[in-house]
There are 2 protein chains.
Amino acid sequence: MRINIKKNSNVAFYIQIKNQIKDMIYSRQTPKNYVLPSERDLAKKLDVNRSTIVRAYQELKAEGLIASDIGRGTYVIYNNAAVENTKPRNFVKSLFWHEMYSESSKKNYDDIISKIMNIDGNNRIISFAGGIPAPELFPREEFEKIQIELLKSKVENIFSHSPVTGDKLLKKEIKHLMLNRGVRIPTKEVMVTSGSQQGIDLIVRTFINVNDVILIEEPTFFGAIQLFESLGAKVVGVPTDEYGVRIDILEYLINKLNPKFIYTIPNFQNPTGVSMSIERRYELIGISKKYSIPIIEDDPYGELRYDGRQLPPLKALDKHNYVLYLSTFSKVISLGLRVGWIIAPEGVINKLSMLKQLTDLHVNTLSQHIICEFLKQGYYEKHLERIRKQYLLKRDIMTNELKRNFEGFKFENPKGGFYIWGKLPNRVDLNTLFKKSIKNGVDFVPGNFFYKNNEKNDNFIRLNFTYPKKDEIIIGIKRLMDSFDEIKSISND
Amino acid sequence: MRINIKKNSNVAFYIQIKNQIKDMIYSRQTPKNYVLPSERDLAKKLDVNRSTIVRAYQELKAEGLIASDIGRGTYVIYNNAAVENTKPRNFVKSLFWHEMYSESSKKNYDDIISKIMNIDGNNRIISFAGGIPAPELFPREEFEKIQIELLKSKVENIFSHSPVTGDKLLKKEIKHLMLNRGVRIPTKEVMVTSGSQQGIDLIVRTFINVNDVILIEEPTFFGAIQLFESLGAKVVGVPTDEYGVRIDILEYLINKLNPKFIYTIPNFQNPTGVSMSIERRYELIGISKKYSIPIIEDDPYGELRYDGRQLPPLKALDKHNYVLYLSTFSKVISLGLRVGWIIAPEGVINKLSMLKQLTDLHVNTLSQHIICEFLKQGYYEKHLERIRKQYLLKRDIMTNELKRNFEGFKFENPKGGFYIWGKLPNRVDLNTLFKKSIKNGVDFVPGNFFYKNNEKNDNFIRLNFTYPKKDEIIIGIKRLMDSFDEIKSISND
């Protein structure tokens, strides 16, 4: 048996030895039962420490290639002939794929997001279910202009690969955008993601162990709850009031449960529409620092304010880098382009990018270029102004219809964002109403989806007012009320 | 204490009870030390089984809201005042983020993919490192034509959301494409992914538990090895020869290690360039069925054959649905658009799509439409023909340069794909050569990256011939040989 060790190699000696023995075994230079030199002899011969040989032999044993007996020494057990003699099983069978799922994916998630994404093509239904911007407000002309320019000047770039953390020019534009939100960061603290959903996913995969506790506002976005739970985190809800998350209860739960993260949507929260008060924001940052619990701040709707004064994101108040900030262009520019971003300390960005390269290499280049130009050429602010105006109109149409005609439906007028969160009278069975509404051609999200395990059901529903067209809002609310009346009359029978 | 149970609700009784008590506690209707009714009394009062109350109380205890003592009964312990009295810590500190990483991400991966993606902007270096198609061969005119048509006819669609499993028309085109590869499947067995890297990621997250064994060809694609290991799988290499993976050793390892999956790249394997022989393909399918071990077939290069006859993918030979098939448009059309696909049984597609919606909702819509039109309008075949011809030329330039001028470098001429896999003389230290090469302006991937833990280093290197321009290939190989000569002369000193 000849083994050569390269002393100047950066491959550990024991690995060099293991691999060379493995190659000999597989190439049948060492037949079955061939006795290997003793650990001591081989160590001496190769002029290495005996523990090096012990480790090499251990790994070969773990791979089932060698064995050792007292007396007999260490010998080769690999022999494919033995395998060839085993009888083949003669029946044809299908795999039971569902029995192979991993522990973490045994649980079935409600495919509510799939359902919302699949509403296309069913024109019969007016959808208040999605979190989708108005298709008729797409910056059509600007997009056309940008794409034609890009095809002319950069056709090789826009279809080629990009850096894992995102296109450099786009990151610079995001840095400027963040200045408008009161956040001053260098571009190396920015990472472009395939929407902010991917931002949450990357953070969760990088930080969360099974049974880690994450505190969430209750109710909150189902996509976040499901993602946290899919990795085995224990999600604990913190109640909210009209000023946002209840800080007293949050602090109590931090002391009791030692959570790993606090997840919050401070601006126009999904689904409640509530914006955290400025006092609460300062308190939350204070609590985060006091207990060294970092915050995941999810801010997809922050710039979509229709009434009142803009408030700074938590990240703007975060002097000590306790906040991982997520945002996206999905709600303002285009959902379909799938471009969002994370702001985090540089070390965290580097760690996240190691995972990002393994999950999908990088965000698609064409989308990044289109959005970069949209920002660079100054279309963003104008577009934002335009959609704010239109969404305000849509919100008012929906709230007016509800107030005027839908007695017993209680809700607060949201000052921004995408949703109205309202409560049906207690006597109404939400399930029955939901089925009836779908039958009547209107869709919404029942409130229980915004609680972990969908467990709470106090007759809230979420209505989106940005996606439907104005006349569809009127018709859709009418259908909702009709459904309500129909089941009421049944239960009165 | 008033609790109302909705008997016709689909929320379990114990959850209804738990939530109502929780609300009372948080709203301070039940002050600290308030004694709750006994389980028996409450069960009687609410007319439910006692075990229902037991469970509700258990969960409230787990959340730190109530406690029970023998004698005293069950009582409320929530009291935020206690927390307010704890002294704040007065020193400002930064979070030690790296101490918070999850178990699975504690390990640092080599960011080789990031490095390859970041080579842009360094024009000094000629890169043979990437797995990137030639930018100068992009179907520029076709892309322009398609995009302008899409902007005219479908501008609302191309920037809007799409279904989680992919655009319906694109899935239909992929179904047709698969027919050309000998695979007949319905569209419901197709799922569009953000490149085939995401395909592997989704499969691994759906199926792999910590310590599951995955058999891989050795050497193989580093992105797959890293992804498997990032989820705690035990990756075991199976040696390959000029016909592909060694079936005898594979079978031996199946018997020894009971693996969960076999991962293979049968066509123009990365990095070796070897295509599995047709006999081996049948044997592999046979082994997979015999032992009920499913195969992950990764086929990014299958259609890029420059010599010889096309071979069917494993999926075409797979009568019993044991193969999860992955492919991508990244190597043929555009890497930057990030569009790949999975073929799998319908139930598996449904399961994968539940995860897909949580990770990034869907593949970006614009890319899907561009690729769909590219296929539908019949550009794909013509484009394939064109790039095959050019890549053949590039391959021949590289192999000729190597054969003529680079004595001691041993390699087989690959019949297709993207790479030349060759061996440097043993006396050369690969690390020294690599550093010298970068200094001299040429980049490649050292062979050890294609082994788990980068542990094997027998002086192979991988050279990509598709990305560099023809003249760059000649200059780059010259630089490689110069680097080789320089370190040779040093070691001869």
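Residues numbered from 1 in each chain as written. Chains lettered and ligands numbered in written order. Predicted model: local features only at pLDDT ≥ 70, side-chain atom pairs only at ≥ 80, totals over all residues. Heavy atoms only, no water.

Moving on to the pairing of strand E2 (residues 73-76) of chain B. Residue and element names in this part refer to chain B. Across four bridges, the pairing between strand E1 (residues 66-69) and E2 is antiparallel. Looking across to E2, one finds that Asp-69 is bridged to Gly-73. Here E1 hands over to E2 after three residues, with Gly-71 in that stretch at a positive phi of 95°. (Pairing = 2+ DSSP bridges. Helix = DSSP H or I, 4+ residues; strand = E, 2+ residues; numbered from the N terminus.)

Let's shift gears to helix H2 (residues 39-46) of chain B. Residues and elements named next belong to chain B. Taken together, the buried positions of H2 are occupied by Glu-39, Leu-42, Ala-43 and Leu-46. Taken down its axis, H2 places every buried residue within 100° of arc, on the same side. When the buried face of H2 is taken as reference, the exposed residues oriented beyond 90 degrees from it are Arg-40, Lys-44 and Lys-45. Tucked into the core, H2 has its buried residues touching helix H1 (13-26) and helix H3 (50-62). Backbone geometry just after H2 places Asp-47 at a positive phi near 60°. (Buried < 20%, exposed > 50% of the residue type's maximum accessible area, 1.4 Å probe, protein only. Arc of directions from axis to C-beta. Contact = heavy atoms within 4.5 Å.)

A few words on the relation of the copies chain A and chain B. Here chain A sits on chain B after a turn of 180° about the axis and a move of 0.0 Å along it, with an RMSD of 0.0 Å. Put plainly, the chains are arranged around a two-fold axis. Most of the interface of chain A is mirrored in chain B, where 99% of its interface residues are also at the interface. (Least-squares fit on C-alpha atoms with pLDDT ≥ 70 in both.)

Another point: the interface of chain A and chain B. Counting residues at the interface gives 139 residues for chain A, matched by 138 residues for chain B. Where chain A packs against chain B, one counts two salt bridges. A salt bridge links A:Asp201 to B:Arg205, with the nearest nitrogen and oxygen atoms 2.9 Å apart. In this assembly, chain A and chain B are joined by 22 residue pairs in polar contact (both at pLDDT 80 or more). The leading source of residues in the side of chain A that touches chain B is helix H15 (residues 346-360) of chain A, at nine residues. Residue classes in the side of chain A that touches chain B are distributed as 55 nonpolar, 46 polar and 38 charged. (Salt bridge = Lys/Arg side-chain N within 4 Å of Asp/Glu carboxyl O. Polar contact = N/O pair within 3.5 Å; in protein donor to acceptor, adjacent residues only side chain to side chain. Nonpolar A, V, L, I, M, F, W, Y, C, P; charged D, E, K, R; others polar.)

On to the domain arrangement of chain A, then. By domain assignment, chain A separates into domain 1 (13-84), domain 2 (120-133 + 382-492) and domain 3 (138-378). Between the C-alpha centres of domain 1 of chain A and domain 2 of chain A the distance comes to 69 Å. (Domains from an automatic or database assignment.)

A few words now on the sheet that holds strand E12 (residues 410-411) of chain B. Residue and element names in this part refer to chain B. As summarised here, the arrangement of the four strands in space is E12-E13-E16-E15, forming an open sheet in which the pairing is antiparallel. The sheet terminates laterally at E12 and strand E15 (445-446), the two strands that pair on one side only. Where E12 lies against strand E13 (residues 419-423), two bridges are found, and the strand directions are antiparallel. Each residue of the ladder has a partner; that of Lys-410, found in E13, is Lys-423.

Another point: the pattern of salt bridges. Counted under the stated rule, the structure contains 40 salt bridges over all chains. Overlapping salt bridges bring together A:Asp307, A:Arg395 and A:Asp396 as one network.

Residue and element names in this part refer to chain A. Taking every second residue as pointing to the same face, both faces of strand E4 (residues 190-193) are buried, with Val-190 and Val-192 on one and Met-191 and Thr-193 on the other. Of the pairings in the sheet, the one linking E4 to strand E11 (residues 340-343) comprises four bridges and is antiparallel in character. The residue bridging Val-192 from the neighbouring strand is Trp-341, located in E11.

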